[in-house]
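Structural description and commentary
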Amino acid sequence: MAGKSNKGKNKSKAAANQAQPNPTEPEPKPVESIEPASETAPNRADSPNGQSNGEVGTETGTVSETNTKEVVTGTEGEEQNPKTSSGNQKEGELHLFTVPVKAQNVEKLELQLSPGDSVMDVRQFLLDAPETCFFTCYDLVLHGKDSSAHLLDDYNEIGELADISAGCHLEMVPALYDERSIRSHVRRSRELLSLSNLHVSLSSTLAMQHETNKQKPSEAGKQEAVENDGLGFVEDVQSSLPNLIASVQSDIKCIGSIVLSSLNPPPSYRRLQGDLIYIDVTTLEGNLYCITGSTKGFYLNSSSGLTLDPKPAKASHESSTLIGLLQKISPKFKKGFREILDRKSTAHPFENVQALLPTNSWLGTFPIPEHKRDGARAEDAVVLTYGSETIGMQRDWNEEIQSCYDFPHANPQERILRGRAMYKVSCDFIDAAIKGAIGVINRSILPINPTDPECFHMYVHNNIFFSFALDSYFENLSKDKKTVSDQKPSSTNPNSPPPVDQSDEVQLADSEQATYDSANNDLRGTKAYQQADVAGLYNLAMAIIDYRGFRVVAQSIIPGILQGDKSESLLYGSVDNGKKICWNESFHAKVVEAGKRLHLKEHEVLDGSGNPVKLAAPVECKGIVGSDDRHYLLDLMRVTPRDSNYMGPEHRFSVLRPELISSFIESEAPAKKPESKSTEEKAEDNTDDQSAPAAESPDSTDDLKKSDVKESSKPEILFNPNVFTDFKLAGSSEEIEADEALVKKASSYLTDVVIPKFVEDLIALDIAPMDGQTLTDALHAHGINIRYLGKIAATIKHLPHLWDLFSNEIVARSAKHVIKDVLRGSEDHDVGPAISHFLNCLLGDIKPSNAKTQQSKSHKKGQQESQSSKGIINKSQMRRGHGGHPLTKGFVNYATLTSDSAWTSIKEFAKFKYQFEIPEDVRPKIKRVSVLRNLCIKIGLLIAAKKYDLEASAPFQPSDILNLQPVVKHSVPVCTEARELMEAGKIRLTEGILNEAYILFTEAMSLLQQVTGPMHKDVANCSRYIGMVLYHAGDIGGALVQQHRELIINERCMGLDHPDTAHSYANMGSFYHGLSQTDLALQHMLRALLLQSLACGPDHPEIANMLMNIAIMYQDAGKMNTALRFLQEALKKSEKLLGEEHIQTAYCYHALAVACNSMGAFKLSVQHEKKTYDILLKQVGEEDSRTKESENWIKTFKNREQQKLKGQTVNPASALKAMDILKNHPDLLQAFQAMSSNQSSTTPTAPPPTRSLNSAVVGEGLPRGRGIDERAARAAAEIRRKAAARGHLLRQKTPAPAPAGENLASSNLTKLINMINAGEAQEKARAEAGSSRVNGNGADAKKEGSNKGPVGLGTSLESKKQKSKAKAADK
């Protein structure tokens, strides 16, 4: 399928009965495929803007046309890149043909189509093309070579109707509008006139600025000085918050206003003549027009003032589109609209694509943009639809989703269509669920059971059921209140039949099923059964929305469940806590099949009468048959066994994670083939694939399906999900004991094997999470529940960066629950002040206003949930909807909250939930910016991006709170086939088989672009790995293209400051450096350093690693002073955080040795490299390749020192003169340095000076903060050796020796470089008074104070910051 796009393909047959998609949502562009290496790669990499121009298209900017072409791999430049040679067969399978398109007022337009493309694909391509982007209502007619004409249906494939290879052409024939389509057309037209949907990446902006500064040398120097002056932001992160958000780009003005006229609706006599809508338009020329939208199109009527005159003003002022008419009546509009299209066409195609599942940002633009009048915006806001359709019937979400699951999936093409439909409908459901949940929490949607207590209200809106997930302490409240006990339904799920009994025990169990925490388990179980994908067994669409302190569960509705006798629809499971268990043979067979894939055992349970019943699922699950005769399974809170480490009624739903079950089964399996991965390595693999915010996808059950090994010779390990529960199990005591022993063994495996191994990986930096999100992802990928945070934190107290990470995460999570109590107890007009007050209590120092302030510090022992000191509850607060009965035990009046009481509540929650005693010194030493960022992300808070004085007692004001956004957990299906291809590609990459790795990754990319579209985290991962393959193949320009795509996707899908985004910027900087564009490289690296500092603070091994890479870039640019400062700071952080004998500390010493070598201080190089050697010798042994390499470096430095002592003298004046000459010719300097390194690298196994930087890019040497990159790092050397043996084109680690005829020239160049280095060292020594003097005399260098850092280093960052402040004061 060529050039598949997201939304065009996702108009599935399941949605055929629905109206056409909302045109207010821009259609995503087709994903771009991988470009092969070519001679123009460096040119593309010079500027992402220029690169995107080449990718977007030609003068017309036809995105779809070019994207269709780009799917075909192995075109130009194929002979230079061996990886594309095997892709010709794939290219031949696509069968792309050029098809002309005829449209009104369009001179020439051509598309490259495949016979397998659907008509919906063609419509998507036309929607992307600038010439036809404003056409929304038309019919497509395919004209064949034999003059035949075929009217195309949206769900047909082109090849089904005609042979497009025989000279066919398409024609866009205007269709008749109806009331719905004409409103959609007007909305689409408004959208095209705005640039608000264009998300320009900072990387693209930096590249454009770089191109501009090339023409202005003075400006470039000024920019470089600014970057150097800002080095202090590592320690002062809050000062850099304003730099995180890019300035809002100004719209291009082409029209005054487009609003619906007050003449609407058309009178009845005009409706009979086709009038559908009236629009008032004000042009930039100052003219006011009234436009009639009719079934045939748009025309200018003769209305003026308050009276309708429907007659056409001029016959020529008619068009089938609104924009076409505006171009006729306003020259300024025509010019401005062309500028808008040009702006969009020059951007990267991905920057025009809208994410279906956008992430929340925690920083908003400051100063706040002006809020101007906009009639169109007001029209959309006045209609409070909360996601429902304004015209036509509401969408039947359940029917759409289940129909998608019923799609055939026997072959790859059918699976693509099925996956695309499921993904699109699921994303639409989540969007509607978010809007509906906001309406429910804002009390704008009425409940269906208004006579019940408010806390148990249920809502149905837009065919979605909404209910509140209550905190578990509320079960006691419901038992104490008689009215609640008498009226409370058994479950907040209307799909569940009513209970037979209403005893207190049943109420207690049913209340727990709707608790706050069990909602997560239900979502996880729903996703597990969805991925088990058993024919005939269905699950509901589900989403969890956290907003303003409330948790709302949204579900699709089983057909017929709200009407008739529900109890007759229950076929499987129990609704009365096991007293009566229903069973159906057909239903049971399907559940058993799913249980085998989920490692659940078929077992017997005794009901209330003592009768044994066979089950293969939790007792409390409910199997229901809907009026559509489908079998639905719901209430899946325990699809994995209970965690035996957490027993007791308060831990009823503390279950093991599915990743742990998968890992445990693999560990218990018989010995496999040697090449198979270990359990821990597979868990590390998942760390990368699971690097998404918890708000986007809470859990992963991919491993459950993958680990279902079907071998007759190997006994299956199946778990009984009902052990350690109150349900009575049938069977022999030996069988029950065996089931319990298996669960205990799995729980012990978690505490005795998985957690210790996880801690070892943390200490060894094999896993290096930087913030709460990546820590959560890493824990979940290894099968570790968040409740074990405290247990793990107790084992890493000796490592400052890990202790800070875990303690800050526990504080942020505990504070999240406290602030939710505050939000639930706040009126609508107090939300902003309440949030700012709580942030001041958390990060500032708020004292009681007077001694009589009432603070209730008593907490009921039986209700150990998130507790805050009780405040005064006034009557208006008690009348709040959903809070008429307080939904929290610690109902809080925010005005009475103080810093001491807030921290007391945080400590109590941390002790109960995580068994973690927060020390007293955590509060003053807390990383305020990191905790603030983490908390804002967890609760959906948006604050102003400005500098906050976090040392003040009240750093926040209510005006700093910009928005409160919903945080969503969902079960959107993933493309498992693409992930399997990516896993296979990773294996080929580590084996050095680049051809196969490239093919696998490109196939995965092709699948993803057709199923999920470009804006997805899996697409970003795939782009990164393709870039890695291209880098190993020597195509740095092509690798940069892929890395730029990953960067854009990560910014949109993960967040502007997510650690993955920082990693993308770092890789971009490394690739730019590989292309000798040091200025751009440094700008990207400094951006990555800022993002990492925001996420984890200044003290983290990744910060030290980044400082070292930046230093090497400055070193290669000849700025040794700056390089030494960064290297000194990196060494100080490594020794402080990891110790003086850690491997990363050794890397820092090696980088210092290389830096001293480039300055001619060979004795210092030997000293630093000896420290490197001693550390490596102790840590990895003498036989390790890294130790031997360090030994060779020592020999190299000694040889150079001996050569220097043989009498090579340098005239300082000549050296300075030569240095000035080369400074004015940087290209010549780079060439000299390259040739010098060629000669110096003739020493055996001596890597180039920039090796540590390149290592960070391709995964060698220095550890990275990503699981999969770590394994790539450890395998990188083996990759190169094996790939070279297979004849692949690789970048040589050590440049080949120069030919014999060039030895003399190389020798002379080496002497010149030595002169330059020596002269530069003397110049720096004179310029820096009081700094360490760097020369060949090691004894003099040793006289420097040991407290000032290693010998031979320049000033520290602290002194640089003081100089920067002095410079700023002088200015």
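Look a little higher up for the structure.
Figured I'd write up the structure that's included with this text. Only a predicted model underlies this, so the values are computations on that prediction, with no experimental measurement involved.

Quick look at the overall build of the protein chain now. In terms of regular secondary structure, the protein chain is built from 51 helices and 26 strands. Counting across all 1371 residues of the protein chain, residues that qualify as buried make up 60%.

Before going further, it helps to spend a moment on the pairing of strand β21 (residues 622-625). The two faces of a sheet get side chains in turn, since along a regular strand they alternate between them. Examined bridge by bridge, strand β17 (residues 570-574) and β21 share 3 bridges and lie antiparallel to one another. In the strand pairing of β21, L570 is matched with I624. With 4 bridges connecting them, β21 and strand β22 (residues 631-634) associate as antiparallel partners. Directly across from V625, in β22, lies its bridge partner H631.

Let's shift gears to the side chain of S189. Along the chain, the position of S189 falls in helix α8 (residues 179-192). Residues in contact with S189, not counting those within four places in the same chain, are L322 and I323.

What follows deals with the sheet that holds strand β5 (residues 169-174). Read across the open sheet, the 5 strands follow the order β2-β1-β5-β3-β4; overall the sheet is mixed. Strands with a single pairing partner mark the edges of an open sheet, and in this sheet they are β2 (110-113) and β4 (149-151). Taking each pair of neighbouring strands and ignoring which way they run, the sheet shows an average axis angle of 30 degrees. As paired elements, strand β3 (residues 138-143) and β5 share 6 bridges and run antiparallel to each other. The residue bridging V141 from the neighbouring strand is E171, located in β5. Across the sheet, helix α6 (residues 119-128) lies against β1 (97-102), β2, β3 and β5, angled at about 115 degrees from β3, the strand it touches most.

A word on the nonpolar core. Among the nonpolar cores identified, the biggest contains 194 residues, and Y529, F838, L842 and I943 are the most heavily contacted of them. Those residues in contact with Y529 that sit more than four places away from it in its chain are L537, N539, A594, L598, L600, A616, A617, L633, L636 and V639. Membership of the second largest hydrophobic core comes to 56 residues, among which are V99, A103, V119 and F337.

Moving on, we get to the packing of helix α33 (residues 928-939) against helix α39 (residues 1078-1096). It is at 6 Å that the axes of α33 and α39 come closest, and there the two elements cross at 80 degrees. It follows from the interaxial angle that α33 and α39 lie roughly perpendicular. Judged by residue contacts, V929, S930 and R933 of α33 engage S1093, L1094, A1095 and C1096 from α39. Classifying every residue of the contact of α33 with α39 gives 4 nonpolar, 2 polar and 1 charged.

Turning to the sheet that holds strand β11 (residues 363-364), a few remarks are in order. Here we have 3 strands laid out as an open sheet, ordered β11-β24-β25, and mixed in their pairing. Each having just a single partner strand, β11 and β25 (961-964) make up the two edges of the open sheet. The pairing of strand β24 (residues 941-944) with β25 spans 3 bridges and is antiparallel. Looking across to β25, one finds that L941 is bridged to L964. The sheet contacts of helix α29 (residues 831-843) involve β24 and β25, and relative to β25 the element is tilted by about 110 degrees.

Another point: the pattern of salt bridges. Within the structure shown, the criterion is met by 51 salt bridges. The partner of K601 in a salt bridge is D739, and the shortest N-O contact between them spans 2.9 Å. Pair noted here: K601 is in the loop between α21 (585-597) and β19 (603-606) and D739 is in helix α25 (residues 733-763), with a separation of 138 residues, a long-range link. For K601, a relative accessible area of 17% corresponds to the buried category. Relative accessible area serves as the criterion here: at 8%, D739 is assigned to the buried category. For the salt bridge of K925 with D921, the shortest nitrogen-to-oxygen distance reads 3.9 Å. Using a relative accessible area of 61% as the deciding quantity, one classes K925 as exposed. By relative accessible area, D921 is classed as partly exposed at 38%. Each of R395, E400, K424 and D428 takes part in salt bridges that share partners, so that together they form one network.

This part is about the environment of G992. Tracing the sequence through the fold places G992 in the loop between α34 (976-991) and α35 (994-1011). G992 gets classed as buried once you look at its relative accessible area, which sits at 0%. Residues G992 and V1029 lie 37 residues apart in sequence; the distance between their C-alpha atoms is 9.3 Å.

Below, the discussion takes up the pairing of strand β13 (residues 464-468). Where burial is concerned, most of β13 is hidden: 5 out of the 5 residues are buried. Side chains I464, F466 and F468 project from β13 onto one buried face, and the interleaved F465 and S467 project onto a second face that is buried too. Looking at chain direction, strand β12 (residues 458-461) and β13 are connected through 4 bridges and run antiparallel. Looking at the pairing, M458 lines up with S467 of β13. One ladder, built from 5 bridges, connects β13 with strand β16 (residues 550-556); its direction is antiparallel. Across the sheet, residue F465 finds its bridge partner in β16, namely Q555.

According to the stated counting rule, one finds 19 aromatic pairs in the structure shown. Relative to F916, the ring of W803 has its centre 5.6 Å away and its plane inclined at 50 degrees; by these criteria the two rings are tilted. Of the two residues, W803 sits in helix α28 (residues 800-824) while F916 sits in the loop between α31 (899-914) and α32 (922-925), which places them 113 residues apart along the sequence. Where Y948 meets F956, the ring centres are 4.8 Å apart and the plane angle is 40 degrees; that geometry is what we call tilted. In this structure F956 comes out as buried when scored by relative accessible area, which is 2%. Members of the aromatic cluster, connected to one another through ring pairs, are F134, F135, F333 and F337. A cation sits over an aromatic face here: R123 above Y138, 4.6 Å from the ring centre. Positioned above the aromatic ring of Y646, the side-chain terminus of R787 is 5.1 Å from the ring centre.

Definitions and limits used
- Residues numbered from 1 in each chain as written.
- Predicted model: local features only at pLDDT ≥ 70, side-chain atom pairs only at ≥ 80, totals over all residues.
- Heavy atoms only, no water.
- Helix = DSSP H or I, 4+ residues; strand = E, 2+ residues; numbered from the N terminus.
- Buried < 20%, exposed > 50% of the residue type's maximum accessible area, 1.4 Å probe, protein only.
- Pairing = 2+ DSSP bridges.
- Contact = heavy atoms within 4.5 Å.
- Axes fitted to C-alpha atoms, helices over the stretch in contact; angles between N-to-C directions.
- Core = buried A, V, L, I, M, F, W, Y, C linked by side-chain atoms within 4.5 Å.
- Parallel < 35°, antiparallel > 145°, perpendicular 65-115°, else oblique.
- Nonpolar A, V, L, I, M, F, W, Y, C, P; charged D, E, K, R; others polar.
- Salt bridge = Lys/Arg side-chain N within 4 Å of Asp/Glu carboxyl O.
- Phe/Tyr/Trp six-rings, centres within 6.5 Å; stacked < 30°, edge-to-face > 60°.
- Lys NZ or Arg CZ within 6 Å of the ring centre and 35° of its normal.

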